[in-house]
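Letter by letter, the chains look like this.
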Amino acid sequence: MLAGGTGTSISTMEWAMSLLLNNPSVLIKAQAEIDKYVGQDRLIQESDMTNLPYLGCIIKETMRMFPPGPLLPHESAKDCKVGGYHIPSGTMLLVNVWGIQNDPTIWGDPETFRPERFEGLEGYRDGFKYMPFGFGRRSCPGEGMANRTVAIGLGSLIQCFEWERTTESKVDLSEGVGITMPKAINLEAICRPRSTMLKLLSHL
Ligand code: HEM
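Criteria and cut-off values
Residues numbered from 1 in each chain as written. Predicted model: local features only at pLDDT ≥ 70, side-chain atom pairs only at ≥ 80, totals over all residues. Heavy atoms only, no water. UniProt positions renumbered as here; feature names shortened; annotations may be inferred. Helix = DSSP H or I, 4+ residues; strand = E, 2+ residues; numbered from the N terminus. Buried < 20%, exposed > 50% of the residue type's maximum accessible area, 1.4 Å probe, protein only. Phe/Tyr/Trp six-rings, centres within 6.5 Å; stacked < 30°, edge-to-face > 60°. pLDDT = per-residue confidence, 0-100. Expected span 1.5 Å × (residues − 1). Near = heavy atom within 4 Å. Polar contact = N/O pair within 3.5 Å; in protein donor to acceptor, adjacent residues only side chain to side chain. Axes fitted to C-alpha atoms, helices over the stretch in contact; angles between N-to-C directions. Parallel < 35°, antiparallel > 145°, perpendicular 65-115°, else oblique. Contact = heavy atoms within 4.5 Å. Nonpolar A, V, L, I, M, F, W, Y, C, P; charged D, E, K, R; others polar. Donors = N, O, S within 2.8 Å, 3.2 Å for Na, K, Ca; no water.

As annotated in an unreviewed UniProt entry, the protein chain is Cytochrome P450 from Centaurea solstitialis. If you open the UniProt record of the protein chain and go to Cofactor (unreviewed entry), you find "heme".

Encoded structure:
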């Protein structure tokens, strides 16, 4: 359970950093939000999350584009109808989460990384348009922990360091082979401690 939970959280952070490196204006906006509400005298912590909605939007948008569980296997407990098709009891059904979350008829311009699309969006499971943690009785019990872990991990990277791509060209966003949607090419980036954070970092 912990191995599965760790892999999915790490993969989300790697995709998020890749997307931020390709969209520096989003990175700057996230850094400004953290600077305003957390400052430079302490590290970001769990209780800050309610004051960091933009960071939350970045994580949601990352998991929309690259859900660590892109195909979810479920089994029908009894005969039912799905999209007009008769599904007998005991049939394995694969929910194509990636397909739904990247469907241009549901999400405008789905290939564009735009965290703002989640601003003010309440009840995001409404209509099953967005379900990176699955749904129903077998949905991910680690959702709360995962959201906090990713937010603190990603938030600390944004708060403490300046980030740059290693090349002029954008970070390659190809998906590799595997059930948890890994990147085809591991992310490599250049990071430097932010000058405003040197005092705090030197005391850790
Ligand atoms: C970004 C991080 C994570 C993502 C995206 C994620 C996503 C998912 C998804 C999509 C499922 C299947 C849901 C379904 O079939 O409807 C699942 C199941 C599960 N997850 Fe997570 N997960 C994450 C982190 C974690 C963590 C941190 C833990 C625990 C420490 C965890 C524990 C579990 C367990 C035990 C199940 C199986 C639930 C069952 O079959 O009843 N996950 N997760």
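### What about the environment of Asn 22?
In this fold, Asn 22 is placed in helix α1 (residues 2–22). Overall, the relative accessible area of 7% leaves Asn 22 in the buried class. The spacing of Asn 22 and Phe 113 is 91 residues in sequence and 9.3 Å in space, taken between C-alpha atoms.

### Regarding the packing of aromatic side chains
Within this structure, the stated rule accounts for six aromatic pairs. Ring geometry for Trp 107 against Tyr 130: centres 6.3 Å apart, planes inclined by 65°, an arrangement best described as edge-to-face. Taken together, the residues Trp 107 in the loop between α4 (97–101) and α5 (143–160) and Tyr 130 in the loop between α4 and α5 connect sequence positions 23 residues apart. Of the two residues, Trp 107 and Tyr 130, both sit in the buried class.

### Re the confidence of the model for the protein chain
In low-pLDDT segments, the atomic positions of the prediction should not be examined closely. Mean pLDDT for the protein chain: 93, with 96% of residues reaching 70 or above. What the predictor reports for the complex is a pTM of 0.94 with an ipTM of 0.98.

### What to know about helix α2 (residues 24–37)
Its 14 residues give α2 an end-to-end C-alpha distance of 20 Å, which sits within 8% of 20 Å, the value for a rise of 1.5 Å per residue. Just past α2, the residue Gly 39 takes up positive phi, approximately 85°.

### A few points about the site of the ligand
Taken together, the neighbourhood of the ligand is formed by 20 residues, with Thr 8, His 74, Pro 132, Arg 138 and Cys 140 sitting nearest. Measuring from an oxygen atom of the ligand, one finds a side-chain N or O atom of His 74 at 2.8 Å. In the model, an oxygen atom of the ligand is placed 2.6 Å from a nitrogen or oxygen of the Arg 138 side chain. For the shell around the ligand, the secondary-structure elements that each account for two or more residues are α1, β1 (71–75) and α5. Among the elements that make up the shell around the ligand, the one with the highest residue count is α1 (four residues).

### Here we look at the packing of α2 against α5
Geometry of a packed helix pair, given as the angle between the helix axes and the separation of the axes. Where α2 meets α5, the closest approach of the two axes is 9 Å, and the angle between their N-to-C directions is 90°. Taken as axis vectors, α2 and α5 run roughly perpendicular relative to one another. Residue-level inspection shows Leu 27, Ala 30, Gln 31 and Ile 34 of α2 in contact with α5, the latter providing Gly 155, Ile 158 and Gln 159. Broken down by class, the residue content of the contact of α2 with α5 amounts to four nonpolar, three polar and no charged.

### Brief notes about the coordination of the iron atom of the ligand
Donor atoms from the protein around the iron atom of the ligand number only one, Cys 140 (SG), found at 2.3 Å. Along the chain, the position of Cys 140 falls in the loop between α4 and α5.

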